[in-house]
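Residues per chain are reported as follows:
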Amino acid sequence: MQLSAFQPSRLAQLPTPLDPAPRLQSHLGGPRLFIKRDDLTGLGLGGNKARKLEFLLGEALAQGADTILTVGALQSNHARQTAAACAKLGLKCELILRRSHHASESYLANGNVLLDRLFGARLTIIESGANREEAMEQRACELRAAGARPYLIAVGGSCITGNLGYVACAEEMLRQAGEAGITLDAVVLATGSGGTHAGLVAGFLALRAATRVIGIAVEGTRADQESAVYDLAADTALHLGITRPLPRDAVTVLDEFVGQGYARPTMAMRAALGISARLEGIVLDPVYTGKAMSGLIGLVQRRYFRPDENVVFLHTGGVPGLFAYPETVATI
Ligand SMILES: *Cc1c(COP(=O)(O)O)cnc(C)c1O
């Protein structure tokens with residue numbers, strides 16, 4: 001599939017493995033479980049943003065940009081991988097990061113923030129109520145006035161260009177499933193800014209695959225997240241030249257695993273981190289993949305899947321974020 005008019009940058013180690021998770025599967029009592037290891041994309045310690053950045057920074061270079069701006073939470077994995085990608089491509093990187101209710105020393109200086117600085121990004125830290133997009137626009141104006149050529153990336157890299165990374169991932173997973181001689185019945189993932197989810201939905205639609213995509217929300221409500229992901233997926237499908245409408249039920253979000261809100265720990269998330277580490281040697285993070293895995297476990301327990309189905313957990317990374325929450329993780 002030709003996805004873009006410009007050349008994507010090569011930033012990620014692809015394909016990532018699609019591994020069976022037999023001990024987790026037998027612990028939960030089926031279905032057939034696999035883990036798609038996008039925590040192993042390599043770039044800046046890995047994660048899902050590497051695939052988006054291949055397209056985003058490919059476009060930035062094609063436009064002659066010299067400075068990349070993006071926004072996120074203080075412990076944003078997207079910001080950390082953007083900083084690494086810019087270092088690799090020789091671009092300047094400016095991150096606008098917003099404080100949250102977390103105020104521990106580790107949250108403020110360890111994990112992703114430590115790495116952002118190591119990769120040489122310029123950090124602007126704004127207060128928890130502040131508008132990130134406005135701050136980014138304002139900084140872009142200053143840079144343009146000084147003769148720079150900024151390229152702005154939306155939160156999480158979720159936009160048509162970024163989502164193409166997960167259109168390509170849908171194709172990659174279908175190829176791997178074909179080689180393994182299995183059908184790809186369902187993919188379960190954390191859905192946040194929505195581009196990963198939307199890219200997969202658009203990709204499976206483009207390739208006429210029957211794979212269901214189940215997003216586990218990490219913030220917000222089911223209705224809001226489904227409508228945001230639907231819009232992103234429909235725009236991405238249109239970009240791919242697909243004129244048949246995207247069915248509403250192609251976008252499924254479950255919001256009962258969010259708990260008290262974004263980056264707020266739940267008991268089920270803690271259990272998911274422990275089970276994954278002790279049964280599969282897999283490290284999840286408290287904000288995204290831990291809640292997504294708690295969702296997968298909850299769905300298996302309520303017999304959401306048939307026992308003979310092949311279900312893939314998309315490990316979207318986030319592992320450096322673990323070191324921002326030692327008080328949560330040390331007691332699991
Ligand atoms: C950003 C992120 C997600 C969510 O991806 P979106 O495309 O923003 O929905 C999931 N897991 C991790 C570890 C992330 O950093």
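Residues numbered from 1 in each chain as written. Predicted model: local features only at pLDDT ≥ 70, side-chain atom pairs only at ≥ 80, totals over all residues. Heavy atoms only, no water.

If you check the shell around the ligand, you find 16 residues, and the closest are K49, K52, S193, T196 and T316. Side-chain polar atom of K52 to an oxygen atom of the ligand: 2.6 Å apart, as the coordinates give it. Residues of the shell around the ligand, tallied by class, amount to two nonpolar, 12 polar and two charged. (Near = heavy atom within 4 Å. Polar contact = N/O pair within 3.5 Å; in protein donor to acceptor, adjacent residues only side chain to side chain. Nonpolar A, V, L, I, M, F, W, Y, C, P; charged D, E, K, R; others polar.)

The next point concerns the nonpolar core. Across soluble globular proteins, nonpolar side chains show a tendency to be buried alongside one another. Residues M173, V187, L200, F204 and V312 are the most contacted members of the largest nonpolar core, which totals 33 residues. Among the elements of the structure, α7 (160-180), β7 (186-191), α8 (195-206), α9 (222-239) and β10 (310-315) are those that each provide at least two residues to this core. If you tally residues by element for this core, the top one is α7, at seven residues. Other than its neighbours up to four places away in sequence, M173 contacts K36, L184, V187, L200, F204 and V312. Core analysis: the second largest hydrophobic core is formed by 31 residues, L53, L74, A85 and V287 among them. (Core = buried A, V, L, I, M, F, W, Y, C linked by side-chain atoms within 4.5 Å. Buried < 20%, exposed > 50% of the residue type's maximum accessible area, 1.4 Å probe, protein only. Helix = DSSP H or I, 4+ residues; strand = E, 2+ residues; numbered from the N terminus. Contact = heavy atoms within 4.5 Å.)

With six of six residues buried, β10 lies mostly within the body of the structure. Every second residue of β10 is oriented toward a common face, with N310, V312 and L314 on one face and V311, F313 and H315 on the other, all of them buried. Pairing of strand β2 (residues 32-37) with β10 involves six bridges; the strand directions are parallel. For K36, the partnering residue across the bridge sits in β10 and is L314. Where β7 meets β10, three bridges bridge the pair, whose relative direction is parallel. Bridge pairing in β10 links V188 to F313. (Pairing = 2+ DSSP bridges.)

The next point concerns the sheet that holds β7. Read from one edge to the other, the open sheet built from six strands follows the order β1-β2-β10-β7-β8-β9, with strand pairing classed as mixed. Looking at which strands have only one partner, the edges of the open sheet turn out to be β1 (18-20) and β9 (252-254). When strand polarity is set aside, the average angle formed by the axes of neighbouring strands in this sheet is 30°. Here strand β8 (residues 212-217) pairs with β9 via three bridges, running parallel. Its bridge partner being in β9, I216 is matched across the sheet by L254. Each of β7 and β9 is contacted by α9, which is oriented at about 150° to β9, the strand it contacts most. Its contacts with the sheet put helix α11 (residues 289-301) on β2, β7, β8, β9 and β10, and the angle it makes with β10 is roughly 165°. (Axes fitted to C-alpha atoms, helices over the stretch in contact; angles between N-to-C directions.)

Looking at the element boundaries, N77 is found in helix α3 (residues 77-89). In this structure the side chain of N77 is engaged in a polar contact, spanning 3.0 Å, whose partner is the side chain of R80. Discounting residues that sit within four places of it in the chain, N77 has contacts with K49, N112, Y288, G318 and G321.

Before going further, it helps to spend a moment on the packing of aromatic side chains. For the structure shown, the criterion picks out three aromatic pairs. Considering the side-chain rings of Y262 and Y288, the 5.9 Å spacing of their centres and the 75° angle between planes classify their relative orientation as edge-to-face. Placement of the pair is Y262 in the loop between β9 and α10 (267-280) and Y288 in the loop between α10 and α11, with a sequence separation of 26 residues. By relative accessible area, which is 22% here, Y288 ends up partly exposed. Here R51 stacks its cationic end above the ring of Y166, 5.7 Å away from the centre of that ring. (Phe/Tyr/Trp six-rings, centres within 6.5 Å; stacked < 30°, edge-to-face > 60°. Lys NZ or Arg CZ within 6 Å of the ring centre and 35° of its normal.)

Our next topic: the packing of helix α2 (residues 49-62) against α7. Between α2 and α7, whose axes approach to 7 Å, the crossing angle comes to 135°. Overall, the two elements α2 and α7 adopt an arrangement that is oblique. Crossing of α2 over α7 shows right-handed handedness. The residues of α7 that touch α2, namely those facing R51, K52, F55, L56 and E59, are T161, G162, L164, G165, Y166, C169 and E172. Its residues assigned to classes, the contact of α2 with α7 comprises five nonpolar, three polar and four charged. (Parallel < 35°, antiparallel > 145°, perpendicular 65-115°, else oblique. Left-handed = near helix turned anticlockwise from the far one by under 90°.)

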